[in-house]
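Residues per chain, in single letters:
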Amino acid sequence: MNSHQADDLATFMAGVERRNPGEPEFLQAVHEVAMDIIPYIADKPIFQELKILERMTEPDRIVSFRVVWEDDRGEIRVNRGFRIQQNNAIGPYKGGIRFHPSVNQSVLKFLAFEQVFKNSLTGLPMGGGKGGADFNPKEKSEREIMRFCQAFMTELYKHIGPDTDVPAGDIGVGAREVGYMFGQYKRIVGRFEGVLTGKALEFGGSRIRSEATGYGAVYMMEEMLAHHQETIEGRICVVSGSGNVATYCAEKLIGMGGKVVTMSDSSGFIYDPEGLTHDKLQWIMELKSKRRGRIEEYVREFGGTYHEGERPWGVPCDLAFPCATQNEITADDARTLIDNGCRGLSEGANMPTTPEAIRVIQASKTLLHAPGKAANAGGVSVSGLEMSQNSLRLQWTRAEVDQHLRRIIRGVHDQCVEFGTAADGHIDYFKGANIAGFNKVAAAMIAYGVM
Ligand code: NDP
Ligand code: 2IT
């Protein structure tokens, strides 16, 4: 970036900061994209004249609403729900719903903004959105979860539809919550339609949707390594998280001959030097999704060590897969990973790497680093395939969906290479993903004229 472009970036960001005070996560996500797009459009005046980036950073609309429900003791509880409809230039708004106490407008705006670029990269016709609530599903009974989901959908249904906005899962929202929300939507509108993805197979879900994000993060790593004539086989893998994305990421890694030695939750991480097996992973899936227990219980069952309050990045590894949450890899963590000889980092989570950590990795040039908008695009890709299957009123086989998923991730990888390769041959996957994602949405916005 030359000094003129640096000035343009500073001016642009000053405007975004003025319009979005107190929203650090959103500003972080916008800055990471603008850093690549502003130099890219420097010699393309049409994008500047038509204020494409300015328009992309302003959500089409934000819906915020009260969610009132009754807990098991008969107490009335009040939460705040949101849906951010960021951009529908290339298709209906599409993106997950997050239930977590940390949810606020800034977090959902960062996720909706990232989603626009991610969905564009998949090549499927999906715009970007995100929703959620500051509801904490932990220690809630099954009936409380159900009542909350129903109350949430009783407002959200007014704003979504199979051709307008199609939510799915994210942190704290899996097949169970999608089932409750889909049931409530169907009850209110009186129609059975593909308004949510991540549904169970019995009522319109797609095969491999549960697995897709984790599998996709591994396929992306496989593509990056293959591009450099390397493979996953025999590599030591560090995974964070123990939810949907982390567990299926670990499953695919084990299946491909990787040695997964860690998993974590918000309390700490476990290290198993022997490596996880399919049986151990099955136990973790049951622990987390059925018993809703803590990852520390693993060491009582299988040995290894538990590290309270720590993240796993200090464990020497070849490949790292952050699959928990945003900003979970700091600059110090990035230095540790690089010093330990880590070769690849594939972001199963959204924005897990801080800006300082990204700079450390980019400066080292030794680590293949796929951003979340490319590496975790597998989830929304199979959501897109679920929409197609719902429209066609049929269900594809596992092999068919997996084939599509692999093809889509290969396409994402190849776009990153096309737009992210420097003169010296180094591939900046962040830059490639940002530019490729931007191009398609920008072209559609230009075609529509000024709006
Ligand atoms: P889950 O709710 O299934 O699992 C989340 C995991 O991350 C849990 O292990 C949880 O620990 C941990 N975690 C959550 N918040 C924090 C935190 N603040 N600090 C430390 N650990 C935390 O969610 P998913 O697996 O679906 O989502 C994980 C990541 O992947 C998110 O960034 C999400 O946006 C992203 N993603 C998800 C997709 C999907 O299809 N589900 C698609 C694309 C991206 P604990 O059990 O203690 O809460
Ligand atoms: O961040 C994401 O891509 C998701 N949570 C999945 C979105 C979707 O619509 O499947």
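Since the structure is predicted, the reported quantities are computational estimates derived from the model, not experimental observations.

Turning our attention to the sheet that holds strand β2 (residues 76-87). The five strands lie next to each other as β1-β2-β4-β3-β5, forming an open sheet whose pairing is mixed. This sheet does not close on itself; its edge strands, each paired only once, are β1 (61-70) and β5 (165-168). Each strand of the sheet is rotated relative to its neighbour by a mean of 20 degrees, with strand direction disregarded. As defined by bridge partners, β1 adjoins β2 across 10 bridges and the pair is classed as antiparallel. Residue pairing for β2: serine 64 is matched across the bridge by phenylalanine 82. Here helix α6 (residues 142-156) sits on the sheet in contact with β1, β2, β3 (93-99), β4 (128-133) and β5, set at roughly 140 degrees to β1.

This part covers the site of ligand 2. The immediate surroundings of ligand 2 are formed by 14 residues, with Lys94, Lys118, Lys130, Asp170 and Ser383 found nearest. One of the backbone nitrogen or oxygen atoms of glycine 169 is found 3.0 Å away from a nitrogen atom of ligand 2. At a separation of 2.5 Å, an oxygen atom of ligand 2 approaches a polar side-chain atom of serine 383. Looking at the shell around ligand 2, the elements that each hand over two or more residues are β3, α5 (105-122) and α15 (377-392). Each residue belonging to the shell around ligand 2 can be placed in one class, and the counts come to two nonpolar, seven polar and five charged.

The interhelical angle for the contact between helix α16 (residues 398-420) and helix α17 (residues 429-448), taken along N-to-C directions, is 100 degrees, at an axis separation of 7 Å. Considered as vectors, α16 and α17 are oriented roughly perpendicular to each other. Residues His413, Gln415, Cys416, Val417, Phe419 and Gly420 of α16 lie in contact with α17, whose contacting residues are Tyr429, Lys431, Gly432, Ala433, Ile435, Ala436 and Asn439. Residues belonging to the contact of α16 with α17 are distributed by class as follows: seven nonpolar, five polar and one charged.

Moving on: the site of ligand 1. Taken together, the neighbourhood of ligand 1 is formed by 25 residues, with Lys138, Asp170, Ser266, Arg294 and Asn350 sitting nearest. At a separation of 2.9 Å, an oxygen atom of ligand 1 approaches a polar backbone atom of serine 242. In isolation ligand 1 has 890 Å² of accessible area, and contact with the protein removes 83% of it. Elements supplying a minimum of two residues to the shell around ligand 1: α8 (209-227), α9 (244-255) and β7 (259-265). Broken down by class, the residue content of the shell around ligand 1 amounts to five nonpolar, 13 polar and seven charged.

Applying the stated rule across the entire model yields 30 salt bridges. Taking the shortest distance from any N to any O, the salt bridge between arginine 73 and aspartate 71 comes out at 3.3 Å. By relative accessible area, arginine 73 is classed as exposed at 67%. Judged by its relative accessible area of 3%, aspartate 71 falls in the buried class. Here glutamate 193 ties to arginine 191 by a salt bridge, and the two come within 2.9 Å at their closest N and O atoms. When its relative accessible area of 16% is taken as the criterion, glutamate 193 is described as buried. Residues joined in a network through salt bridges with shared partners are Asp71, Arg73, Glu75 and Arg77.

The rules behind these values
Residues numbered from 1 in each chain as written. Chains lettered and ligands numbered in written order. Predicted model: local features only at pLDDT ≥ 70, side-chain atom pairs only at ≥ 80, totals over all residues. Heavy atoms only, no water. Pairing = 2+ DSSP bridges. Helix = DSSP H or I, 4+ residues; strand = E, 2+ residues; numbered from the N terminus. Axes fitted to C-alpha atoms, helices over the stretch in contact; angles between N-to-C directions. Contact = heavy atoms within 4.5 Å. Near = heavy atom within 4 Å. Polar contact = N/O pair within 3.5 Å; in protein donor to acceptor, adjacent residues only side chain to side chain. Nonpolar A, V, L, I, M, F, W, Y, C, P; charged D, E, K, R; others polar. Parallel < 35°, antiparallel > 145°, perpendicular 65-115°, else oblique. Areas by Shrake-Rupley, 256 points an atom, 1.4 Å probe, with all protein chains shown as cover. Salt bridge = Lys/Arg side-chain N within 4 Å of Asp/Glu carboxyl O. Buried < 20%, exposed > 50% of the residue type's maximum accessible area, 1.4 Å probe, protein only.

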